Each structure stands twice: as C-alpha cells, then as structure tokens.
Amino acid sequence: MVTTVEYVRHRIVPDDRKVFEKAYAKASGALAAAPECIDYELSHCQEETDRYVLRIRWTSVEDHLQGFRKGERFPAFFAAIRPYVTVIEEMQHYLATDVAGSGGAGVDEGAVAQPEDEGAVAQPVGDAEHAPDAPGTPTIHAWPGGDAALNRLTEVFYGHVLEDPVLAPVFAGMDDEHPRHVAQWLAEVFGGPEAYTAERGGHPHMASRHLGRGITERQRRRWVDLLQDSADGVGLPADPEFRAVFLHYIEWGTRMAVLYSDGNPPPVDAADVPRWRWGQTPPWQPAG
C-alpha cells in the first residue's frame, strides 16, 4: 500500500500553546476514528519554541481529500482546530522514498508502560520507548478501531467490574468518567492521541491513583482475565499479533500497578506516558 504523509506547520505564540495542544487533542478523536488515517503526531520544536508540526499518514491523497475531507468526521476535526487555520505556514502531502530505516539506539526491555487512571493498572520505569515500527505499520491504537473501539471496551469492561465480587471492592465509588479516562490512557500508550496527558496530567496522575490501594495478585489476575473477556465481547481484533501485544502491555501494566499500590512504591514521576509498539509481532498486512 502506497501511503502519503501530510505535514501541517504552525507558529503559535507562547500564551496559546496549551490551548493549541488541547485543541488538537480534541481534534485527534476524528483522526483516530477515520479509516483513511493510518497515524498522526503533533510535535513541538525544541529550538524555535513557537513552531509545531502535525504529521498525518493517510492511506492516499485521494482518501484524505475525497474521503476524510468530505466525510462525517471532518466537521468535528475542523471545528476544534479552526482558530489556528490562519497560522498554518505549510500544509502539503509527501510520498516516502526508499531512504528509511531504524537507528542504532537499543531497546530497554525493562521499560515500557502501562494503562489507566483511577485504580487498576500502572507505571513505567526508565526509558519507555520501543524501537520504531516499520514505515506503513498502523499503530496499535489504530488497529482495533481507535478511540471508538477503546471506549467501547472500557465501558463494557467496567460494567462487568462493578458486578464482579473480586474487583468491585477496588472500584467502589468509581467516577462515571473513569471508563473514558482509562480509554484515553490506553489510546495514548498504544500510539493514539495524547488526550490523557493534556486533560489528566499524564503518568504522575495515573500512577498516583494506585498509591495505597494494596492490589492483590488475585485482583490483578482477575482484572486481566475480565479485560480479555471484554475484548472478545466487544469484538476487538482476534489476530495473534494484536492480542499478543495487547496482553503483553496489560500483563506488564497490572504488575506495575501492584508495585505502585504496595507500601514502598516507585516515584510517580519516574517517566512520561510511553508509546507501546508492536515489537516482535507486527501486524500481518497483505502485500501490495
């Protein structure tokens, strides 16, 4: 599949940066749900701090302009970023060349991170980046259907949690917004929008929600099993590659949650929210 990369460059004055990033975090929901969008990323320049670059990979220029732009998701996207259209300096499509590859920076196997928010799973220690996926590979967030799929998963999952004799005591008094917050966390970890960081405070907030909870191994294991059952129930992809990397993260994250909930937890500000990648099991895609 020949994909195209769109770059959108902005200049944003310092006082507007937080609002600008929140606007794109909101707009990213439309990208995450769009079948024409492979992945996206908003980057902030370190040298010239008024510069931002939005990178979006589309399945094709035609799919972007004729599909997304004329589809049902574009109005919500445009409404969120409308105030910043006048400060766009470039908006162009690019085709990748054959010059591409991975660098020599190693992967730290002891460092990758976790899910959620107010009481069930958490925490990275050290450098939480995996080696990059091959060009053209969808993010783990995009593969099952983006934000819509993860919101569906957490709504069903927490409905079961509140009726489960092992987990219900852990989530007694759970906020109604908790499933959405957990979906935001999973989306960000799996390479989707950074809405959890923008709205909730990122890893320090998530990690702090586990402190002192005394999560047991029985509760941890039940959380994992019930989430897998819920993934089946809502129809998340059942291909071996997706389920392997999904369970890899959930196992790691729940065990970190137990550590954070214990009497001697790691520092809650040990790392930023990481981006989980496919690693050893990239998704199978037909050639061509």
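Whatever comes next refers back to the structure up there.
**A short note on the overall build of the chain**
For step 1, the next point in the chain: Tallying secondary structure elements over the chain gives 9 helices and 4 strands in all.
For step 2, the next point in the chain: Order of helices (α) and strands (β) in the chain, N terminus to C terminus: β-α-β-β-α-α-β-α-α-α-α-α-α.
For step 3, the next point in the chain: Long-range pairs, those at least 24 residues apart, make up 76% of the contacts in the chain between residues at least 6 apart in sequence.

**Quick notes on the layout of surface pockets**
For step 1, the next point in the chain: In this structure, the second largest pocket spans a volume of roughly 400 Å³.
For step 2, the next point in the chain: Lining the second largest pocket are 20 residues, and of these E21, Y24, A25, L42 and E194 lie nearest its centre.
For step 3, the next point in the chain: Going through the elements one at a time, α1 (17-33), β2 (37-44), β3 (51-58) and α6 (195-200) are the ones with two or more residues in the lining of the second largest pocket.
For step 4, the next point in the chain: Looking at the lining of the second largest pocket residue by residue, the class counts come to 9 nonpolar, 5 polar and 6 charged.

**A few points about the packing of helix α4 (residues 146-161) against helix α5 (residues 178-189)**
For step 1, the next point in the chain: Where α4 contacts α5, the two axes come as close as 8 Å, and the packing angle between them is 135°. The angle between the axes of α4 and α5 places the two elements in the oblique class. In terms of crossing hand, the pair formed by α4 and α5 is right-handed. Counting all contacts with α4, which are made through D147, L150, N151, T154, E155 and Y158, the residues of α5 involved are H178, P179, R180, V182, A183, L186 and A187.
For step 2, the next point in the chain: Along the lines of polarity and charge, the residues of the contact of α4 with α5 split into 7 nonpolar, 3 polar and 3 charged.

**Re the packing of helix α8 (residues 217-233) against helix α9 (residues 240-261)**
For step 1, the next point in the chain: Two elements in contact, α8 and α9, have axes separated by 10 Å at closest approach and are oriented at 155°. As summarised for this structure, α8 and α9 are arranged roughly antiparallel, according to the angle between their axes. Here α8 and α9 pass one another in a crossing that is right-handed. Seen from α8, the contacting residues are E217, R220, W223, V224, L227, Q228, A231 and D232; seen from α9, they are R243, F246, L247, I250, E251, T254, R255 and V258.
For step 2, the next point in the chain: For the contact of α8 with α9, the residue count by class is 8 nonpolar, 2 polar and 6 charged.

**Comments concerning the sheet that holds strand β4 (residues 88-95)**
For step 1, the next point in the chain: Taking strand neighbours across the sheet as the criterion, the 4 strands line up as β2-β3-β1-β4 in an open arrangement whose pairing is antiparallel. The open sheet has two edge strands with one neighbour each: β2 and β4. Taken over all neighbouring pairs, the strand axes of this sheet differ in orientation by 15° on average, direction set aside.
For step 2, the next point in the chain: Of the strand pairs in this sheet, strand β1 (residues 4-11) and β4 are connected by 7 bridges, and their pairing is antiparallel. Within β4, the position partnered with E6 by the bridge is H93.
For step 3, the next point in the chain: Against the sheet, α1 engages β1, β2 and β3, with an angle of about 175° to β2.

**Focus: the pattern of salt bridges**
For step 1, the next point in the chain: Taken as a whole and assessed by the stated rule, the structure comprises 17 salt bridges.
For step 2, the next point in the chain: The salt bridge partner of R11 is E89, with a shortest N-O separation of 2.8 Å. A residue pair is termed long-range when its members are at least 10 positions apart, and R11 in strand β1 and E89 in strand β4 qualify at 78 residues.
For step 3, the next point in the chain: Accessibility expressed as a relative area gives 30% for R11, which makes it partly exposed.
For step 4, the next point in the chain: Of the residues examined, E89 reaches a relative accessible area of 45% and is grouped as partly exposed.
For step 5, the next point in the chain: A salt bridge links R221 to E217; its shortest N-O distance comes to 3.8 Å. One end of the pair is R221 and the other is E217, both in helix α8 and 4 residues apart, which spans about a single turn.
For step 6, the next point in the chain: The partly exposed category is assigned to E217, whose relative accessible area is 41%.
For step 7, the next point in the chain: Shared partners join several salt bridges into a network, and the residues in it are R11, E48, D50, R51 and E89.

**Some details on helix α3 (residues 74-81)**
For step 1, the next point in the chain: Looking at α3, one finds that the buried residues are F74, F77, A80 and I81. Projection of α3 onto a plane perpendicular to its axis shows the buried side chains occupying an angular sector of 135°, all on one side. Exposed and oriented more than 90 degrees from the buried face of α3 are P75 and A76.
For step 2, the next point in the chain: Against the buried residues of α3 lie α1 and α2 (61-68).

Criteria and cut-off values
Residues numbered from 1 in each chain as written. Predicted model: local features only at pLDDT ≥ 70, side-chain atom pairs only at ≥ 80, totals over all residues. Heavy atoms only, no water. Helix = DSSP H or I, 4+ residues; strand = E, 2+ residues; numbered from the N terminus. Contact = heavy atoms within 4.5 Å. 1 Å grid on protein atoms, 1.4 Å probe; cavity = no way out; pocket = protein on both sides within 12 Å on 5 of 7 lines; lining within 4 Å. Points joined across faces, edges and corners; volume = space filled by probe spheres on them. Nonpolar A, V, L, I, M, F, W, Y, C, P; charged D, E, K, R; others polar. Axes fitted to C-alpha atoms, helices over the stretch in contact; angles between N-to-C directions. Parallel < 35°, antiparallel > 145°, perpendicular 65-115°, else oblique. Left-handed = near helix turned anticlockwise from the far one by under 90°. Pairing = 2+ DSSP bridges. Salt bridge = Lys/Arg side-chain N within 4 Å of Asp/Glu carboxyl O. Buried < 20%, exposed > 50% of the residue type's maximum accessible area, 1.4 Å probe, protein only. Arc of directions from axis to C-beta.

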